[in-house]
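# Observations on chain architecture
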Amino acid sequence: MIARKLLAVSAAMVMGAAGLTACSGGGDDGDSGDSGDTQMTFWHNSTTGEGKAYWDATVADFKAANPGVTIAIQSIQNEDMDGKLQTALNSGDAPDIFMARGGGKLADVVEAGQAQEITVDDATRTAVGDAAFNAFTIDDKVYGMPMSILPGGIYYSKDLFAQAGITDTPKTIEDLEGAVDKLKAAGIAPIALGAKDAWPAAHWYYFFALRACSQETLDKAAADMTFDDPCWEKAGDELAAFSATEPFNQGFLTTSAQQGAGSSAGLVANHQAAMELMGAWDPGVIASLTPDKKPLPDLAWFPFPSIEGGDGAEGAMMGGLDGFSCSTDAPPECSEFLNFAMEKKYQEGYANAFHTLPASQEAQGVVTEPALLDVLASYNEAPYVSLWLDTLYGQNVGNALNTGVVNLLAGQGDSAAIVQGVVDAAAKE
């Protein structure tokens, strides 16, 4: 079971993630029923399809079991969530239940007095395990409920690989460059990248850093926010060299990540591109964008390739957790709802609706999609799994990484500029 492993590079900030399944649209879904004695607001980022239906049904079931409680749901497009949530938190008008991804981002929210300690039932803790809760634990108190575990890697179309004559998944960056060449020769866009949203572009730097930097270096940066090891610039140099092979879809700088058939996920879903680097929410996003709105039958996965001369351990992975927290003024029913959603029935429903890996070990038996099983197999063999760097190092550093990487890919920056931007941002923490 995947929750047994510590997804982290530091004892203080163990896990986090890049977003639940998100599609197009968003907005206020209104009240889920008549007003009760206790009213809560709930923000999530699944705006259409199975994910939205899952949350509607789960909230309805909770209300049926707790007639005095009303939960008003608002679904918000994933790329809009962070900004809107931060504004709501800062204004003192935060939703009672909100998305949380652990690490430095959640620590900042807790330090600002914007989230409360949640109560975790014994049954929930047993089903999930301590490792996943470490992501949301700050000063020995739990401030969030993990819903899914989301290791990252490269998703690809087996059909397009076969069409291009690629028989083995790439193990090294040189192998990946060879696959890119074969796909181009076959008239296929090799890699889809939604750089318009910035964070998918930054993921490429994160994974090069995972390969270039040792676990100790990642830990040190998390502890003292210093980025003076040469591996940080090496990661940028490796990305620049790879980008020079022109592996990404045409117009990637103006391509969104998850919104519609023209997004990076949509390009993979419709066989317009062969690969995408993304977390374990990607099968669900891709499924929502296929013509029949079903999982892509030939979707598979492989780990991010190795690089020459890197200090990262072979097989190391990067990923996160998606979960939810309770704002400072939320009633006790907020914790009750989060525990309710962690029951086996609802975690199995979550895994099926979002086509992802549930946090509850008891529910992981429902995972059958080949791409997710490939992720799980590599995860169980990984020597360690680092947190997404933007989540681990906090909002300021994360924003600097996003900006610096996009500038590099646009030909307007380099690896030194990425590191300097991170150093400047870290000084503000």
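Look up a bit, the structure's there.
I will try to describe carefully the structure that is included in this document. (Residues numbered from 1 in each chain as written. Predicted model: local features only at pLDDT ≥ 70, side-chain atom pairs only at ≥ 80, totals over all residues. Heavy atoms only, no water.)

Attention shifts here to the sheet that holds strand E11 (residues 299-302). Sheet architecture is open: four strands sit in the order E9-E10-E8-E11, paired in mixed fashion. The two strands at the open ends of the sheet, each matched to only one other strand, are strand E9 (189-191) and E11. In this sheet, adjacent strand axes meet at a mean angle of 25 degrees when their direction is disregarded. Pairing between E9 and strand E10 (residues 273-279): two bridges, direction parallel. Across the sheet, the residue bridging to Ile 191 is Met 275, located in E10. (Pairing = 2+ DSSP bridges. Helix = DSSP H or I, 4+ residues; strand = E, 2+ residues; numbered from the N terminus. Axes fitted to C-alpha atoms, helices over the stretch in contact; angles between N-to-C directions.)

It is worth spelling out helix H10 (residues 231-243) at this point. Spanning 13 residues, H10 covers 18 Å between terminal C-alpha atoms, matching the ideal 18 Å at 1.5 Å per step. Buried within H10 we find Cys 231, Trp 232, Ala 235, Gly 236, Glu 238, Leu 239, Phe 242 and Ser 243. End-on, the buried residues of H10 take up no more than an arc of 160 degrees, which puts them together on one face. (Expected span 1.5 Å × (residues − 1). Buried < 20%, exposed > 50% of the residue type's maximum accessible area, 1.4 Å probe, protein only. Arc of directions from axis to C-beta.)

What follows concerns a negative patch on the surface. On the surface, Asp 121, Asp 122, Glu 336 and Glu 343 cluster together into a patch of negative charge. Here Glu 336 lies in helix H13 (residues 333-341). (Patch = residues over 30% accessible without salt bridge, like charges linked within 9 Å, V, L, I, M, F, W, Y side chains within 5 Å. Areas by Shrake-Rupley, 256 points an atom, 1.4 Å probe, with all protein chains shown as cover. Salt bridge = Lys/Arg side-chain N within 4 Å of Asp/Glu carboxyl O. Lys, Arg positive; Asp, Glu negative; His and termini not counted. Charge placed at Lys NZ, Arg CZ, Asp CG, Glu CD.)

Further remarks concern the nonpolar core. Counting 93 residues, the largest nonpolar core has Trp 204, Tyr 205, Trp 232, Met 275 and Tyr 393 as its most contacted members. No other element matches helix H8 (residues 199-212), which puts 11 residues into this core. Residues within four places of Trp 204 in sequence aside, it is in contact with Ile 154, Leu 176, Ile 191, Leu 193, Leu 239, Phe 242, Phe 248, Leu 277 and Phe 304. If you look at the next biggest cluster of nonpolar residues, it comprises 51 residues, including Phe 98, Ala 115, Leu 338 and Phe 354. (Core = buried A, V, L, I, M, F, W, Y, C linked by side-chain atoms within 4.5 Å. Contact = heavy atoms within 4.5 Å.)

A separate point is the side chain of Ser 325. Looking at the element boundaries, Ser 325 is found in strand E13 (residues 321-326). The class for Ser 325 is buried, based on a relative accessible area of 0%. One polar contact links the side chain of Ser 325 to the main-chain carbonyl oxygen of Tyr 143, over a distance of 2.6 Å. Once residues within four sequence positions are removed from consideration, Ser 325 is found in contact with Asp 96, Ile 97, Phe 98, Ala 100, Leu 106, Tyr 143, Gly 144 and Cys 334. (Polar contact = N/O pair within 3.5 Å; in protein donor to acceptor, adjacent residues only side chain to side chain.)

On to the side chain of Ser 263, then. Mapping Ser 263 onto the fold places it in the loop between H10 and helix H11 (264-269). Only 3.0 Å separates the side chain of Ser 263 from the backbone nitrogen of Gly 266, close enough to count as a polar contact. Those residues in contact with Ser 263, other than ones at most four positions away along the chain, are Thr 255, Ser 256, Ala 257, Gln 258 and Leu 289.

Closest axis-to-axis distance for the H8/helix H17 (residues 395-409) pair is 8 Å, and the angle between their directions is 85 degrees. Judged on the interaxial angle alone, H17 and H8 are roughly perpendicular. Packed against H8, whose contacting residues are Trp 199, Ala 201, Ala 202, Tyr 205 and Tyr 206, the element H17 presents Leu 401, Asn 402, Val 405, Val 406 and Leu 409 at the interface. Taken together, the residues of the contact of H8 with H17 sort by class into nine nonpolar, one polar and no charged. (Parallel < 35°, antiparallel > 145°, perpendicular 65-115°, else oblique. Nonpolar A, V, L, I, M, F, W, Y, C, P; charged D, E, K, R; others polar.)

For a regular strand, the rule is simple: side chains alternate between the two faces of the sheet. E13 sits mainly inside the fold: six of its six residues count as buried. Every second residue of E13 is oriented toward a common face, with Leu 321, Gly 323 and Ser 325 on one face and Asp 322, Phe 324 and Cys 326 on the other, all of them buried. Two elements, strand E4 (residues 97-100) and E13, share four bridges in a ladder whose sense is antiparallel. By the bridge assignment, Ala 100 is partnered in E13 with Gly 323.

Glancing now at the state of the cysteines. Considering all chains together, one arrives at two disulfides under this definition. One disulfide bridge connects Cys 326 with Cys 334, the sulfur atoms lying 2.1 Å from each other. On the sign convention where negative means left-handed, the S-S torsion of about -95 degrees between Cys 326 and Cys 334 marks this disulfide as left-handed. We note that Cys 326, like Cys 334, is buried. Each disulfide of the protein chain joins two cysteines, and with those cysteines numbered along the sequence the arrangement is 1-2, 3-4. (Disulfide = S-S within 2.5 Å.)

This part takes up the pattern of salt bridges. Using the criterion set out here, one finds nine salt bridges in the structure. Asp 56 is paired through a salt bridge with Lys 52; the nearest N and O atoms lie 3.4 Å apart. Residue Asp 56 and its partner Lys 52 are located together in helix H1 (residues 49-65), separated by four residues, close to a single helical turn. Classification of Asp 56 as partly exposed rests on a relative accessible area of 31%. Between Glu 348 and Lys 344 there is a salt bridge; the shortest N-O distance is 4.0 Å. Here Glu 348 and its partner Lys 344 are both found in helix H14 (residues 344-354), four residues apart, which amounts to about one turn of the helix. It is possible to trace a salt-bridge network through shared partners that takes in Asp 82, Arg 101, Lys 105, Asp 322 and Asp 390.

Our next topic: the packing of aromatic side chains. As enumerated under the stated definition, the model contains 29 aromatic pairs in all. Ring geometry for Phe 227 versus Trp 232: centroids 5.2 Å apart, planes at 70 degrees, classification edge-to-face. Given a relative accessible area of 8%, Phe 227 falls into the buried group. Aromatic pair Phe 227 and Tyr 393: ring centres 5.3 Å apart, planes at 90 degrees, arrangement edge-to-face. Taken together, the residues span a long stretch of sequence, with Phe 227 in the loop between helix H9 (215-224) and H10 and Tyr 393 in helix H16 (residues 389-393) at a distance of 166 residues. Here the two residues Phe 227 and Tyr 393 agree in accessibility, since each one is buried. In this structure an aromatic cluster arises from ring pairing among Phe 42, Tyr 54, Trp 55, Phe 62, Phe 324, Phe 337, Phe 340, Tyr 346, Tyr 350 and Phe 354. One cation-aromatic arrangement involves Arg 125 over Phe 133; the distance from NZ or CZ to the ring centre is 4.9 Å. (Phe/Tyr/Trp six-rings, centres within 6.5 Å; stacked < 30°, edge-to-face > 60°. Lys NZ or Arg CZ within 6 Å of the ring centre and 35° of its normal.)

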